[in-house]
Structures are given as structure tokens and as C-alpha cells.
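Take a look at the letters that make up each chain.
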Amino acid sequence: SCASPSLLRTRRLSSDRVQQSATRLSNKPPAFNPQTVYFMTAVEDNIPGLSGGFDPFADAEADSESQHYLHVRVQQRNGRKSLTTVQGIDPSFDYKKVLKAFKKEFCCNGTVVEDAELGKVIQLQGDQRKNVHTFLVSEKIVKNKELIKIHGF
């Protein structure tokens, strides 16, 4: 035949697809074809022992509903400048009064930012993670010090 190699390749691929769809319907493993390119990325859902694997985010979702964590993060601005954010303080506290106490205790400036996703977030100048942790525990703003999650570098 006078078919070009690219036409032969496309015909071979299309015949392989027909064979693969036929084997899926018959639940038989596909026959090995040396001209077909095989990749190790395809994993079937019905392989025993692989279902119900560890989901690292399922634990975090369950914990966030049952316990109210307070997150203290540090963000790098430019050069040596950094920003500390405190998120998750109980809404029964007055954020402006807590911020005023932070500013007076740590000798830094700060603000309360209203975020659509996270709610009210307190921002402080500088890396104040350890100071915020000790202040929240000593002033009993947080009942249990294990509920404070410190993030950052």
C-alpha cells in the first residue's frame, strides 16, 4: 500500500482504541501490544488495597469543625520587614481592644482587617508570633494553648 507512515500510525492508534474499548466492556485485561505506548499513570479504581487511602486534608477539615483554632502567621514583606496575622479570635472579644493591648505590649503598630473569607484578622508589624502566643495564653483569651497554631518560616 502507498500509505504514509503518519497514516499508518493513526490507523494503528484507532485500532488500539477500538480494542481497548472492547476489552473494557468485556472486563478482560487488554492484550499487550508492542507498538502501543504504555504509561504508569493510569490507576484503576477497583484495585484491592488502594481504596480508602490516607487523605491529609480530611483530618484538617474535621478538626476545624470540632475545635476552634487560632492561627498566627508571619508574612514576609520586603527585605527584613514582616507582617504577623492573627486569625480566629473568638468573636465575643472586641478586636480593637485586643489590638490596642497587642500594640501597647509589643511596641508595634497594627490594624484589624475585614476579610470576606477569613472574617476579622489582626495584622501586626514585625515577627510577633511568640509574643502573641504568650500574650494570648497569659491573658486567657485562648482556653487551651494547643488551640494556637503558629505558621511561618
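Here's the deal with the nonpolar core
If you look at the biggest cluster of nonpolar residues, it comprises 18 residues, and the most contacted ones within it are Leu 70, Ile 89, Phe 102, Ile 122, Leu 124, Val 132 and Leu 136. At the level of elements, strand 1 (70-76), helix 3 (95-106), strand 4 (119-125) and helix 4 (129-138) are the ones that each hand at least two residues to this core. Among the elements that take part in this core, helix 3 stands out by supplying five residues, more than any other. For Leu 124, the contacting residues outside a window of four places in its chain are Ser 82, Leu 83, Thr 84, Leu 99, Phe 102, Phe 106, Cys 108, Asn 109, Gly 110 and Val 132.

Let's talk about the pairing of strand 2 (residues 82-87)
Of all six residues in strand 2, six are buried; the element is thus mostly enclosed. Bridge analysis of strand 1 against strand 2 gives six bridges, and the strand direction is antiparallel. Bridge pairing links Val 72 to Val 86 in strand 2. Here strand 1 hands over to strand 2 after five residues, with Gly 79 in that stretch at a positive phi of 65°.

Description of the side chain of His 71
Mapped onto the elements, His 71 comes out in strand 1. Within the structure, His 71 has its side chain in polar contact with the side chain of His 151 (distance 2.8 Å). Not counting residues up to four positions away in its chain, the partners in contact with His 71 are Thr 85, Val 86, Gln 87, Lys 149 and His 151.

Criteria and cut-off values
- Here the residue index of a chain counts from 1 through its sequence in written order.
- Where local features are concerned, this predicted model is filtered to residues with pLDDT of at least 70; where side-chain atom pairs are given and counted, the filter is 80 or more; whole-chain, interface and lining totals use all residues.
- Based on all heavy atoms of the structure, the side-chain values leave hydrogens and waters out of the count.
- Buried Ala, Val, Leu, Ile, Met, Phe, Trp, Tyr and Cys residues that are joined via side-chain atoms within 4.5 Å together make up what is termed a nonpolar core.
- Partly exposed residues are those whose accessible area sits between 20% and 50% of the maximum for their type, while under 20% is buried and over 50% is exposed, using a 1.4 Å probe and protein chains only.
- Working definition: helices are DSSP H or I runs of at least four residues, strands are E runs of at least two. Numbering for both runs from the N terminus.
- We call two residues in contact when some of their heavy atoms are within 4.5 Å.
- Should DSSP find at least two bridges between two strands, the strands are regarded as paired.
- Polar contacts, as used here, are pairs of N or O atoms within 3.5 Å; protein pairs need one atom able to donate a hydrogen and one able to accept it. Residues neighboring in sequence count only if both atoms are side-chain atoms.

Note that all results are geometric; they support no functional claim without further evidence.
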